[in-house]
Amino acid sequence: YRGKRLVNWDPKLLTAVSDLEVVSEEEDGSLWEIRYPLADGSGHLTVATTRPETMLGDTAVMVHPEDERYAALVGKTVKLPLTGDGDPLDPAGWRELPIIADAYVDREFGTGVVKVTPAHDFNDYAVGQRHGLPLIDILTLDAKVNDKAPAKYRGLDRFDARRQVVADLEALGLLASVKPHKLMVPRGDRTSAVIEPMLTDQWFVAMSKPG
């Protein structure tokens, strides 16, 4: 049978690669803290991410179920910046996302609030499956922004899109901070390209008889 699954995708080779072909090494990066306004206008949640460009595919914001700072907000919604069909800087068109609780969240990391992008992160994919979240893939197979994102970002390389997204967040006053951050970056062992978790059609063979 065939189904959509996340795979390690090399955007230079244009193919899926196995875990054995992915080399993860510690590199200097950044941690961006972004304000997502609460939909009821009562304030905002500050989300920490190492990949701000993927926010265009966010489908939830997540906190730890035992984090007292945010307990009252679970079940409410936030507005996802930059996601309007027209001008991405116009809040009127921004998509609303649910605030969910999941024990996967590390309360000590960043602000204790993380964005959930099930189509672009293996851990988020698992969270999405648990919570029934939609999958919005916002990159083409050669790692450019696709037509599911606002027109302003379409066709941009993922790293160019990152710079534009950060600049637009800053212009809106929604960029809370940028901090140096060491992170493990997965690269293809043949191309040294940064591996992208990519939602693709995969074939599966059933290893047991149907019940």
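Residues numbered from 1 in each chain as written. Predicted model: local features only at pLDDT ≥ 70, side-chain atom pairs only at ≥ 80, totals over all residues. Heavy atoms only, no water.

Undergrad: Teacher, can you tell me more about the sheet that holds strand β8 (residues 113-116) here?
TA: As a general point, the strands of a sheet are linked pairwise by backbone hydrogen bonds and lie either parallel or antiparallel. Reading across from one edge, β6-β7-β5-β8 is the order of the four strands in this open sheet, with mixed pairing throughout. Both edges of this open sheet fall to β6 (77-80) and β8, since each of them pairs with a single strand only. Going from strand to strand, the sheet's axes swing by 35° on average, the running direction of each strand aside. Strand direction decides the pairing type here: strand β5 (residues 60-63) and strand β7 (residues 95-101), joined by three bridges, are parallel. Its bridge partner being in β7, M62 is matched across the sheet by I100. (Pairing = 2+ DSSP bridges. Helix = DSSP H or I, 4+ residues; strand = E, 2+ residues; numbered from the N terminus. Axes fitted to C-alpha atoms, helices over the stretch in contact; angles between N-to-C directions.)

Undergrad: Looking at this structure, how should I read the pairing of β8?
TA: Successive residues of a regular strand alternate their side chains across the two faces of the sheet. Because side chains alternate across β8, one face comprises the buried residues V113 and K115, and the other comprises V114 and V116, equally buried. Taken together, the four bridges between β5 and β8 define a ladder with antiparallel strand orientation. When the bridges of β8 are listed, V63 appears paired with V113. (Buried < 20%, exposed > 50% of the residue type's maximum accessible area, 1.4 Å probe, protein only.)

Undergrad: What is the right way to read the environment of R107 from this model?
TA: Position of R107 relative to the elements: it lies in the loop between β7 and β8. Taking the C-alpha atoms as reference points, R107 and G173, separated by 66 residues in sequence, lie 25 Å from one another. In this view, R107 contacts H64, E66, D67, R69 and G112; residues no more than four positions away in its chain are not counted. A distance of 3.3 Å separates a polar side-chain atom of R107 from the backbone oxygen of E66. (Contact = heavy atoms within 4.5 Å. Polar contact = N/O pair within 3.5 Å; in protein donor to acceptor, adjacent residues only side chain to side chain.)

Undergrad: For this particular structure, what's the right way to read the sheet that holds strand β3 (residues 22-37)?
TA: If you trace the three strands from one edge of the open sheet to the other, you get β4-β3-β9, paired in antiparallel fashion. The two strands at the open ends of the sheet, each matched to only one other strand, are β4 (44-49) and β9 (175-188). Neighbour-to-neighbour, the strand axes of the sheet open up by a mean angle of 20°, direction not taken into account. Pairing analysis gives 13 bridges linking β3 to β9, with the strands arranged antiparallel. Opposite I34, over in β9, you have L175 as the bridge partner.

Undergrad: What is the right way to look at the side chain of D137 in this model?
TA: Within the secondary structure, D137 is located in the loop between α1 (122-131) and α2 (158-171). In this structure the side chain of D137 is engaged in a polar contact, spanning 2.5 Å, whose partner is the side chain of K148. If near-sequence neighbours (up to four positions away) are discounted, D137 is found in contact with A119, H120, N146 and K148.

Undergrad: How should I be thinking about the pattern of salt bridges in this particular structure?
TA: Oppositely charged side chains may form a pair once their charged atoms are brought near each other. According to the stated counting rule, one finds 18 salt bridges in the structure shown. The salt bridge partner of R51 is E196, with a shortest N-O separation of 2.2 Å. Of the two residues, R51 sits in the loop between β4 and β5 while E196 sits in strand β10 (residues 196-203), which places them 145 residues apart along the sequence. Here R162 and E53 are joined by a salt bridge, their closest N and O atoms 2.7 Å apart. Separated by 109 residues along the polypeptide, R162 in helix α2 and E53 in the loop between β4 and β5 bring together distant segments of the chain. Pair check on accessibility: R162 and E53 agree, each one buried. It is possible to trace a salt-bridge network through shared partners that takes in R51, E53, R158, R162 and E196. (Salt bridge = Lys/Arg side-chain N within 4 Å of Asp/Glu carboxyl O.)

Undergrad: Is there a simple way to think about unusual backbone geometry in this case?
TA: Backbone phi values are negative for most residues with the exception of glycine, while trans is the configuration of most peptide bonds. Non-glycine residue L14 carries a positive phi angle of around 55°. Phi is positive for S192, close to 65°, though the residue is something other than glycine. With respect to the element layout, S192 can be found in the loop between β9 and β10. For S192, a relative accessible area of 46% puts it in the partly exposed group.

Remember, this is a structural readout, not a statement about activity or role.
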